[in-house]
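The primary structure of each chain is shown beneath.
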Amino acid sequence: METKKIEETFEQVSKTLGWATDKQVSLAVTMIYLSRGRAFDAAIHTEASRIVKSSESFASPLRAHLHHIAVAYLVLGDEPVVEGLARLNVHQQALTAEKFWKSGYTYLGGLIMEAPEEAARARELYDAMKAHHPFLTSSEDIPYVVLLGRREGDLKERAETMNRYYSELRPQGFSPGNHLQWLSQAMTFDSPQFQPEVAGRVLAIRDFFKAENIKIRSAHYPVLGFLAIAKADGAALKSIAELMRTLESSKLFRWYKQWALPSAAQLVMAESAELRGSKAAMFASSVEMLMQAQQAAMMVSVSAAVAASNNSGT
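None of the values given here were measured: they were computed from a predicted structure. (Residues numbered from 1 in each chain as written. Predicted model: local features only at pLDDT ≥ 70, side-chain atom pairs only at ≥ 80, totals over all residues. Heavy atoms only, no water.)

1. Considerations on unusual backbone geometry
Of all residues except glycine, most have a negative phi; of all peptide bonds, most are trans.
1) Next: You will see that K99, though not glycine, has its phi angle at about 70 degrees, which is positive.
2) Next: As for its placement among the helices and strands, K99 is situated in the loop between α5 (81-97) and α6 (104-112).
3) Next: Of note, the phi angle at K231 is positive, near 55 degrees, even though the residue is not glycine.
4) Next: Turning to its location among the elements, K231 is positioned in the loop between α12 (221-229) and α13 (234-248).
5) Next: Take K231: its relative accessible area is 39%, and that puts it in the partly exposed class. (Helix = DSSP H or I, 4+ residues; strand = E, 2+ residues; numbered from the N terminus. Buried < 20%, exposed > 50% of the residue type's maximum accessible area, 1.4 Å probe, protein only.)

Pasting the structure below:
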C-alpha cells in the first residue's frame, strides 16, 4: 500500500474526528478502515458517530476515548449501525453479567463476540489465566479471552499452554509483563496444546526483524504472535520490514514510530495473496480483528492516560 494513501486517509480521518481527538486514535481508525480494504467516508462515519452519541449515556466508554474506534467497527459491520450498536450492548452486558468490570475493554470484547453465550467461556478462560498470572491478568485481556474462549479445546489446558509459552520465551530475551502475556495468548490461537514449532516461529520472526535492524519493543510482542500463527513466510516478513521503514520515514509516523511495525503487519497481512491462500486463511479475519483490537486497546490506554494526566493538571 502506498504511503500517500495512508497519509491521505489519516488526514481525512483526523479532520473528521476533530482536533480534540488524540491523533493516535485517528491513526487506529485509519488502520481499521485500510486493513479492511474500505475507503473512509466522512459522512457515513459522522452519522454513525451521531447515532452512538445519541444512544449512549454520558458516562459510556462509547462516548469517550473508545468512541471513534467503536464507530469504525460498527460502520464496517454487516448490519446497520443501530442494530450493530444494540448487539454490541447485549454482548457487553453479557460480559458484565459474568462479573467483568465494565470498561472500554468489555466493549472491545463485545465487538469481537459473535453471541452473548460466549461470555461464560470467556470468564472461564480468564479465571484459568488468572490462576497462573494473578497480577498480570486484567481487564485488558478481555478481547483475548473472548476470541480465544470460543476456540475449540479445554480452557484450562489453553491457559496452561499460555503460561508455558510465557515461561519458554522469558529466558529468550523477552521482557516479562502484559505484552509477553498477550503474545503467549495469541500463540494458542490455533491450538490449546503446546506446540514447540509455534515458539520456534516466534523466535525466528523476532530474529528476522533484528537482522533487519528493526528494534522489537515489548509493545510489538503480540505482532510476533499474529505473524507466527499466520505462518508468515520470509517474503511476507520482508514486505513488512520494507513497509515499516517506509512508514517510519513518512510525515505521519514521525511522532508515532512505535505503531509503524503493527501497522505494516496489518496491511501486509490484509493484502498478501500468499497469506490469504495459506492454511491460515480460515482464521485470517479473526487474526486481523485480534490485531486491531490489540492496537486499539493500546491506543485507548495511551489516550486514557493522557486524559487522566491532563485532568489532574500534571
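So much for the structure itself; the text now carries on.
2. Re the packing of aromatic side chains
1) Next: According to the stated counting rule, one finds six aromatic pairs in the structure shown.
2) Next: Measuring from centroid to centroid gives 5.2 Å for F100 and Y126, while their planes differ by 85 degrees, and the two rings are edge-to-face. With F100 in the loop between α5 and α6 and Y126 in helix α7 (residues 118-132), this residue pair connects regions lying 26 residues apart in the sequence.
3) Next: Geometry around F189 places R151 over its ring, the cationic atom sitting 4.2 Å from the centre.
4) Next: Here R164 stacks its cationic end above the ring of F194, 3.7 Å away from the centre of that ring. (Phe/Tyr/Trp six-rings, centres within 6.5 Å; stacked < 30°, edge-to-face > 60°. Lys NZ or Arg CZ within 6 Å of the ring centre and 35° of its normal.)

3. Some remarks on the packing of α7 against helix α9 (residues 155-169)
1) Next: It is the contact of α7 with α9, at a shortest axis distance of 9 Å, that shows an interaxial angle of 40 degrees. As summarised for this structure, α7 and α9 are arranged oblique, according to the angle between their axes. Between α7 and α9 lies a crossing whose hand is right-handed. Taken together, the residues of α9 that come into contact with α7 (itself represented by R121, E124, L125, A128, M129 and H132) are L155, K156, R158, A159, E160, M162 and N163.
2) Next: By residue class, the composition of the contact of α7 with α9 is six nonpolar, two polar and five charged. (Axes fitted to C-alpha atoms, helices over the stretch in contact; angles between N-to-C directions. Parallel < 35°, antiparallel > 145°, perpendicular 65-115°, else oblique. Left-handed = near helix turned anticlockwise from the far one by under 90°. Contact = heavy atoms within 4.5 Å. Nonpolar A, V, L, I, M, F, W, Y, C, P; charged D, E, K, R; others polar.)

4. So, the pattern of salt bridges
1) Next: In this structure the tally under the stated criterion is nine salt bridges.
2) Next: One salt bridge connects R87 with E79, and the closest N-O pair in it is separated by 3.0 Å.
3) Next: Residue R87 is classed as partly exposed on the basis of its relative accessible area, which comes to 42%.
4) Next: Judged by relative accessible area, which is 24%, E79 ranks as partly exposed.
5) Next: Between R206 and D207 there is a salt bridge; the shortest N-O distance is 2.8 Å.
6) Next: Residue classification places D207 among the partly exposed residues on the basis of a relative accessible area of 39%.
7) Next: Via salt bridges that share partners, E114, E118 and R150 belong to a single interconnected network. (Salt bridge = Lys/Arg side-chain N within 4 Å of Asp/Glu carboxyl O.)

5. Observations concerning the packing of helix α1 (residues 3-17) against helix α2 (residues 23-35)
1) Next: One can describe the packing of α1 onto α2 by two numbers: an axis separation of 9 Å at closest approach and a directional angle of 125 degrees. When the axes of α1 and α2 are compared, the pair comes out oblique. By crossing handedness, the relation of α1 to α2 is classed as right-handed. Note on element contacts: α2 touches α1 through K23, S26, L27, V29, T30 and L34, opposite K5, I6, T9, F10, V13, S14 and L17.
2) Next: Its residues assigned to classes, the contact of α1 with α2 comprises seven nonpolar, four polar and two charged.

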